[in-house]
Amino acid sequence: MDLLWSGLVRRASEYTRIERKSQFSGVHEIAFKSVKMQDQNKDI
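Residues numbered from 1 in each chain as written. Predicted model: local features only at pLDDT ≥ 70, side-chain atom pairs only at ≥ 80, totals over all residues. Heavy atoms only, no water.

Looking only at helices and strands, the protein chain features one helix and zero strands. Once the C-alpha set of the protein chain is aligned to its principal axes, its extents read approximately 65 × 5 × 5 Å. Within the span of the protein chain, comprising 44 residues, buried residues form 0% of the whole. Surface exposure of the protein chain reaches about 4600 Å², of which carbon and sulfur atoms provide 63%. The averaged location of the 6 negative side-chain charges in the protein chain is 3 Å from the averaged location of its 8 positive side-chain charges. (Helix = DSSP H or I, 4+ residues; strand = E, 2+ residues; numbered from the N terminus. Buried < 20%, exposed > 50% of the residue type's maximum accessible area, 1.4 Å probe, protein only. Areas by Shrake-Rupley, 256 points an atom, 1.4 Å probe, with all protein chains shown as cover. Lys, Arg positive; Asp, Glu negative; His and termini not counted. Charge placed at Lys NZ, Arg CZ, Asp CG, Glu CD.)

This is the structure:
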């Protein structure tokens, strides 16, 4: 039973780490796009 729970906990923590990583890269991507758009607006 303990082995089952430790496996579930490990899988859950791995999932949240992956989820956090994808959220972080998504935020990074949005910030990068907004900076890029601001630069383009300055050129006009």
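Assignment of secondary structure puts Met37 in helix 1 (residues 2–43). Judged by its relative accessible area of 52%, Met37 is exposed. Taking the C-alpha atoms as reference, Met37 lies 31 Å from Thr16; in sequence the two are 21 residues apart.

Taken as a whole and assessed by the stated rule, the structure comprises one salt bridge. Where Glu29 meets Lys33, a salt bridge forms, and the shortest distance between an N and an O atom there is 3.5 Å. With Glu29 and Lys33 both in helix 1 and four residues apart, the pair spans about one turn of that helix. Take Lys33: its relative accessible area is 46%, and that puts it in the partly exposed class. (Salt bridge = Lys/Arg side-chain N within 4 Å of Asp/Glu carboxyl O.)

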